[in-house]
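Structural description and commentary
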Amino acid sequence: MTTFQIKLIAITSMVIDHVGLCFFPHILLFRIVGRLAFPLFAWLIANGAYYSKNRKIYLTRLFLFALVAQIPFILINRLNNPSFWQLNVLFTLSLGLLAIVLIRKSENALVSLLIVIIITGIAFVLNTDYGAMGILVIVSFYLSLKNIKKMIVLQICIFILFSIAAILFLIAMTGTVNPAIPGISLNLCSRGHPGTCFKLSVALPPNFIALILIEPLGLFSLFFIAAYRNQEGRKMKYFFYWFYPIHLAVLYFITLFVY
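Our subject in this report is the structure included herewith. (Residues numbered from 1 in each chain as written. Predicted model: local features only at pLDDT ≥ 70, side-chain atom pairs only at ≥ 80, totals over all residues. Heavy atoms only, no water.)

Next up on the list: the packing of aromatic side chains. Two aromatic rings, taken as a pair, are described by how far apart their centres are and by the angle between their planes. Using the criterion set out here, one finds 16 aromatic pairs in the structure. Ring geometry for F24 against F30: centres 4.9 Å apart, planes inclined by 10°, an arrangement best described as stacked. Using a relative accessible area of 23% as the deciding quantity, one classes F30 as partly exposed. An aromatic cluster is present here, built from F4, F239, F240 and F243 joined pairwise through their rings. (Phe/Tyr/Trp six-rings, centres within 6.5 Å; stacked < 30°, edge-to-face > 60°. Buried < 20%, exposed > 50% of the residue type's maximum accessible area, 1.4 Å probe, protein only.)

What follows is the structure, given as structure tokens:
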């Protein structure tokens with residue numbers, strides 16, 4: 001397969017996922033197909049970072065489109081949850097790419113590890129789509145880009161461990177694996193300054209626990225990645241950048257007419 005073909009599979013999966021989010025939020029089949037999208041995009045970022053001639057321009061471009069996509073991303077998700085707040089997946093991809101750029105400049109393994117930990121923490125605090133897990137997926141793709149066996153092992157570990165961690169965190173915060181609330185909040189207050197608190201809110205989509213359980217199905221994306229033969233294919237660079245915010249906006253306006 002070429003990178004162009006993998007991009008087409010990724011955006012098709014993403015559109016199916018978002019159609020399910022907008023029109024059929026309780027039908028998991030749409031979301032199951034959509035699980036392929038993020039791992040493919042994460043691999044494309046890692047692959048692009050490996051071959052890019054100018055990673056700073058690549059990173060800047062990705063961040064700018066993340067800003068453009070944020071408003072339609074919020075609007076489309078607030079159709080199901082009016083209090084929804086999260087940074088879209090392009091911010092996650094940008095942070096993952098930033099981690100790779102910084103790792104490449106580092107010649108010390110401990111420094112590289114610290115970079116990954118810090119950026120993973122930033123993704124978690126900023127509540128980006130796929131968050132900390134997303135950063136680790138991107139970085140591990142980059143570190144195993146030329147070793148498919150290593151790639152498979154790393155991705156299986158990340159997906160399974162984060163699914164288990166998400167369930168345990170949900171139980172710890174709510175006391176149940178299936179809370180009847182749209183989100184959870186974590187308040188961190190300073191003992192010395194009681195009035196100084198940091199609040200982290202996480203929105204819970206419909207069928208949240210089911211989405212956690214089906215997230216590892218994204219590992220099937222590895223079949224497409226394994227078929228990659230180091231060929232770029234057709235070039236439509238800006239099409240894929242613009243596609244993300246535009247398709248979100250289109251789906252949002254369609255829902256306004258349908259409902």
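Let us look at a nonpolar patch on the surface. On the surface, a nonpolar cluster with roughly 800 Å² of combined accessible area is contributed by V68, Y238, W242, I246, V250, I254, V258 and Y259. Counting residues per element, the nonpolar patch draws most heavily on helix α11 (residues 237-258), at six residues. Take V68: it is sitting in helix α4 (residues 55-77). (Patch = residues over 30% accessible without salt bridge, like charges linked within 9 Å, V, L, I, M, F, W, Y side chains within 5 Å. Areas by Shrake-Rupley, 256 points an atom, 1.4 Å probe, with all protein chains shown as cover. Salt bridge = Lys/Arg side-chain N within 4 Å of Asp/Glu carboxyl O. Helix = DSSP H or I, 4+ residues; strand = E, 2+ residues; numbered from the N terminus.)

A word on the side chain of R35. As for its position among the elements, R35 is in the loop between α2 (28-34) and α3 (37-51). Judged by relative accessible area, R35 falls into the buried class, the value being 6%. A polar side-chain atom of R35 sits 3.0 Å from a polar atom in the side chain of Y130. Dropping the residues within four chain positions of it, R35 is found in contact with S13, D17, Y130, I214, E215, L217 and G218. (Polar contact = N/O pair within 3.5 Å; in protein donor to acceptor, adjacent residues only side chain to side chain. Contact = heavy atoms within 4.5 Å.)

This part is about the side chain of N47. Tracing the backbone through its elements, the reader meets N47 in helix α3. The exposure class assigned to N47 is buried, which follows from its relative accessible area of 6%. Among residues more than four places away in sequence, those in contact with N47 are T3, L145 and Y228.

Here we take up the packing of helix α5 (residues 89-105) against helix α6 (residues 109-126). Taken N-terminus to C-terminus, the directions of α5 and α6 make an angle of 165°; their axes are 10 Å apart at the nearest point. Between α5 and α6, the angle is such that the two are roughly antiparallel. Judged by the sense of rotation from one axis to the other, the crossing of α5 with α6 is right-handed. Of the residues in α6, those touching α5 at L95, L98, A99, L102 and I103 are S112, I115, V116, I119, I122 and A123. Partitioning the contact of α5 with α6 into residue classes produces 10 nonpolar, one polar and no charged. (Axes fitted to C-alpha atoms, helices over the stretch in contact; angles between N-to-C directions. Parallel < 35°, antiparallel > 145°, perpendicular 65-115°, else oblique. Left-handed = near helix turned anticlockwise from the far one by under 90°. Nonpolar A, V, L, I, M, F, W, Y, C, P; charged D, E, K, R; others polar.)

Before going further, it helps to examine α11. Helix length check: α11 (22 residues) gives 32 Å between terminal C-alpha atoms against 32 Å at 1.5 Å per residue, within 8%. Approximately 40° is the largest bend angle found in α11, and it occurs at F243, with the proline P245 only one to four residues beyond. Along α11, the positions that sit buried rather than exposed are F240, Y241, Y244, P245, H247, L248, L251, Y252 and T255. Looking at the buried residues of α11, the elements they touch are α1 (3-23), α4 and α5. (Expected span 1.5 Å × (residues − 1). Bend = angle between axes of the 7 residues up to and from the residue.)

Honestly, it's all geometry; don't read function into it.
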